[in-house]
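Chain by chain, the residues run as shown.
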Number of protein chains: 2
Amino acid sequence: MKIRIGIVGYGNIGMAAETVLRQTPDMELAAVLTRRPGLDIKTPGVPVVLLEDAESLVGSIDVMILCGGSAKDLPEQGPKLAALFSTVDSFDTHAVIPEYFLSLDRAAKKTTAILAAGWDPGLLSAFRLLGDAFLPKGAGSTFWGRGVSQGHSFALRRVAGVKDAVQYTVPSESAVEAARGGAANLTAGEKHTRECYVVAEEGADRARIEEEIKTMPHYFAGYRTVVNFVDSVNRADMPHAGLSLRTGDSGGFRHTMELSLKTESNPVFTAGILTAYARAAFRLSREGGYGAKTVFDVPLSYLSPKDSATLMRELL
Amino acid sequence: MKIRIGIVGYGNIGMAAETVLRQTPDMELAAVLTRRPGLDIKTPGVPVVLLEDAESLVGSIDVMILCGGSAKDLPEQGPKLAALFSTVDSFDTHAVIPEYFLSLDRAAKKTTAILAAGWDPGLLSAFRLLGDAFLPKGAGSTFWGRGVSQGHSFALRRVAGVKDAVQYTVPSESAVEAARGGAANLTAGEKHTRECYVVAEEGADRARIEEEIKTMPHYFAGYRTVVNFVDSVNRADMPHAGLSLRTGDSGGFRHTMELSLKTESNPVFTAGILTAYARAAFRLSREGGYGAKTVFDVPLSYLSPKDSATLMRELL
């Protein structure tokens, strides 16, 4: 029997999860949940259910893949849905993960709620833990890009006089080399350049827009920020990349570990990770492994559709 | 209280484990087990115990780190010691891992026996599983080197007329590029060059030695093999490296994951991994998670001395 999946939220990640599920033989898309009445989805025959009616799906969904935003959607939807279903999400507001973890853990009494399971946090977090455990006397650094940051692109679009905009985060080559050499404590601002592609409204004051962007707290202040005015941007282009490094010294020898990711579509890659963790949530819940979990808590074998003997033969 | 570790076998990996344990605050070296009477070790005050007297240590060792060879030592020592103690090893004869797993699993009734926990199998295996789970429609390749292969160096030294020798395994750049482009099913021979540094005995027939090496089945036949005759080699130099790649297509987009390792000392890096898995074996056994385990079965948090809240804050 296939694992019955519900997708909650039909934005970039929700649509990507739908695509990934079509090529995942041990799972089936059983429902899409949304706040938008009359939403049309790509997969024929799959019911679209209003979020407020989620409870009606108890017993017909094994795992909900939560595809909403970390700022507003997940803090509200996560605990509500985790009380009824096992869930998985890619919550990515690092600073409030402990708080979100607790709210899920309190709700998930008879379910399994895996949070922060995207590529960062998620895959790169797993790498950071391995690096820290294997090379404890060492230093780690993570770089993002070259790729589009949705949050920063959104921030650009709120500046007065900006018609459209996309922001690329670009790692600094010299900072990457410094990290490979063992440099620790590089700031995010030292590690990354923020390239902004901005379509200005006709007659807008470009100097003022550029100044407003470069001084925007949290988003651009403290970063090397480059503002390029262009005629148009392509919002559908969502590549991203990530690089995490760990260097360490032990016994007088130097050791280096690097994990590098590159994707032409951030949402599709994220959906691939979410789908694997949905499989893990299903299995954990069946075994009574209830409560909130992170990628640190899940044995890797739970992510794979292959049995132990096959994993040992093909991948160990 | 510290985790009490026994080191079994005092060769390259055993000595490296001793070094790593000295910089591991939550563990202490409690004994070294050996077949060699009168063995002298570097750490003062630590008892050296003959392997045949292992049973006398029950109750005073939490985990045995097995540092013997995969060909002869581990198949015999592993099950015997796993019946008495939790164990961890870096068993690396891929073809017979399932058989070794079963022999450990049968022995480890009240203990936890983690096998094949080095860098490959081990760390790179974990990466291969993640790649396979996140990008199931894709291809994976693993490359070894540039680094010294102990097994191949040993094979060179058995050739008549060879006084000393070291073998470096070198990945082919063109094969790495092909794998990045999604090529699957590259053979080990296509992926690697075997560079041999050979000190010939005086008067030995170098052409015959070279021919014998290049046609040696399993070790060199089928590989691009380069034989360099030199005046001396440095056996103490044991760098190694590994690169595992996964490429995948989903939803019409291309995704790539790469894990790369470089170490100046293969034994020390391996010992760092073994030490972290020894911590996991200790915790699993305390919880009743008995039996044989691979890196696929161990939640990552068990590898770290840090508690969940710290891991979430610092590494997630």
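From a predicted model like this one, the values you see are computed outputs, not experimental measurements.

As for the overall build of chain A
Step number 1: Helix and strand counts for chain A come out as 10 helices and 14 strands.
Step number 2: Against the globule reference of 20 Å for 316 residues, chain A gives a C-alpha radius of gyration of 21 Å, in line with a compact fold.
Step number 3: For chain A, the C-alpha atoms occupy an extent of roughly 60 × 60 × 35 Å along the three principal directions.
Step number 4: Every one of the 316 residues in chain A was classed for burial, and the buried ones make up 59%.
Step number 5: If you take every contact in chain A between residues at least 6 apart in sequence, the share linking residues at least 24 apart comes to 70%.
Step number 6: Total accessible area on chain A is roughly 13200 Å²; 51% of this is exposed by carbon and sulfur atoms.
Step number 7: Distance from the positive charge centre (34 side chains) to the negative charge centre (36 side chains) of chain A: 3 Å.

Looking at the packing of aromatic side chains
Step number 1: Tallied over the entire structure, the rule returns six aromatic pairs over all chains.
Step number 2: Centre to centre, the rings of tyrosine 277 of chain A and phenylalanine 134 of chain B are 6.1 Å apart; their planes meet at 40°, and the pair counts as tilted. In this pair, tyrosine 277 of chain A sits in helix H9 (residues 266-286) while phenylalanine 134 of chain B sits in helix H4 (residues 123-134), so the two residues belong to two different chains. As far as the burial class goes, tyrosine 277 of chain A and phenylalanine 134 of chain B line up, both buried.
Step number 3: When the ring of phenylalanine 91 of chain B is compared with that of tyrosine 100 of chain B, the centres are 4.1 Å apart and the planes differ by 20°; the resulting orientation is stacked. We note that phenylalanine 91 of chain B, like tyrosine 100 of chain B, is buried.
Step number 4: Residue placement shows arginine 194 of chain A over the ring face of tyrosine 223 of chain A; its charged tip is 4.2 Å from the ring centre.

Regarding the pattern of salt bridges
Step number 1: Considering all chains together, one arrives at 32 salt bridges over all chains under this definition.
Step number 2: With its nearest N and O atoms 3.1 Å apart, the salt bridge here joins arginine 208 of chain A to glutamate 212 of chain A. Of this pair, arginine 208 of chain A and glutamate 212 of chain A are both found in helix H8 (residues 206-214), four residues apart, which corresponds to roughly one turn of the helix.
Step number 3: The partly exposed category is assigned to glutamate 212 of chain A, whose relative accessible area is 35%.
Step number 4: Note that arginine 180 of chain B and glutamate 258 of chain B form a salt bridge whose closest N and O atoms lie 2.5 Å from each other. Separated by 78 residues along the polypeptide, arginine 180 of chain B in helix H6 (residues 173-180) and glutamate 258 of chain B in strand S13 (residues 253-263) bring together distant segments of the chain.
Step number 5: Taking the relative accessible area as the measure of exposure, glutamate 258 of chain B reaches 11% and is therefore buried.

Focus: the domain arrangement of chain A
Residues and elements named next belong to chain A.
Step number 1: What the domain assignment lists for chain A is domain 1 (3-121 + 267-315) and domain 2 (139-264).
Step number 2: Between domain 1 and domain 2, the residue contacts involve five residues of the former and nine residues of the latter.
Step number 3: Here domain 1 packs against domain 2, burying approximately 580 Å² in sum over the two surfaces, 75% of which is carbon and sulfur.
Step number 4: When the area that domain 1 buries against domain 2 is broken down by residue, the three leading residues are Trp119, Asp120 and Phe269, summing to 72%.
Step number 5: The interface formed by domain 1 and domain 2 includes zero salt bridges.
Step number 6: Across the domain 1-domain 2 interface, the total number found is one residue pair in polar contact (both at pLDDT 80 or more).
Step number 7: In the side of domain 1 that touches domain 2, the residues fall into three nonpolar, one polar and one charged.

Describing the side chain of histidine 152 of chain B
Residues and elements named next belong to chain B.
Step number 1: Following the sequence through the fold, histidine 152 ends up in helix H5 (residues 150-157).
Step number 2: Within polar-contact distance, the side chain of histidine 152 engages the side chain of serine 149 at 2.7 Å.
Step number 3: A polar contact is formed between the side chain of histidine 152 and the side chain of arginine 194, at a distance of 3.5 Å.
Step number 4: In this structure, histidine 152 is in contact with Gln167, Arg194, Tyr219 and Phe220, ignoring residues within four places of it in sequence.

Section: the pairing of strand S13 (residues 253-263) of chain A
Step number 1: Counting buried positions along S13 of chain A gives eight out of 11 residues, so the element sits mostly inside the fold.
Step number 2: Examined bridge by bridge, strand S12 (residues 240-250) of chain A and S13 of chain A share 11 bridges and lie antiparallel to one another. Note on S13 of chain A: the bridge partner recorded for arginine 246 of chain A is methionine 257 of chain A.
Step number 3: Pairing geometry for S13 of chain A and S13 of chain B, over nine bridges, is antiparallel.

Thresholds applied
- Residues numbered from 1 in each chain as written.
- Chains lettered and ligands numbered in written order.
- Predicted model: local features only at pLDDT ≥ 70, side-chain atom pairs only at ≥ 80, totals over all residues.
- Heavy atoms only, no water.
- Helix = DSSP H or I, 4+ residues; strand = E, 2+ residues; numbered from the N terminus.
- Rg over C-alpha atoms; globule rule 2.2 N^0.38 Å.
- Buried < 20%, exposed > 50% of the residue type's maximum accessible area, 1.4 Å probe, protein only.
- Contact = heavy atoms within 4.5 Å.
- Areas by Shrake-Rupley, 256 points an atom, 1.4 Å probe, with all protein chains shown as cover.
- Lys, Arg positive; Asp, Glu negative; His and termini not counted.
- Charge placed at Lys NZ, Arg CZ, Asp CG, Glu CD.
- Phe/Tyr/Trp six-rings, centres within 6.5 Å; stacked < 30°, edge-to-face > 60°.
- Lys NZ or Arg CZ within 6 Å of the ring centre and 35° of its normal.
- Salt bridge = Lys/Arg side-chain N within 4 Å of Asp/Glu carboxyl O.
- Domains from an automatic or database assignment.
- Buried area = accessible area lost by both parts, 1.4 Å probe.
- Polar contact = N/O pair within 3.5 Å; in protein donor to acceptor, adjacent residues only side chain to side chain.
- Nonpolar A, V, L, I, M, F, W, Y, C, P; charged D, E, K, R; others polar.
- Pairing = 2+ DSSP bridges.

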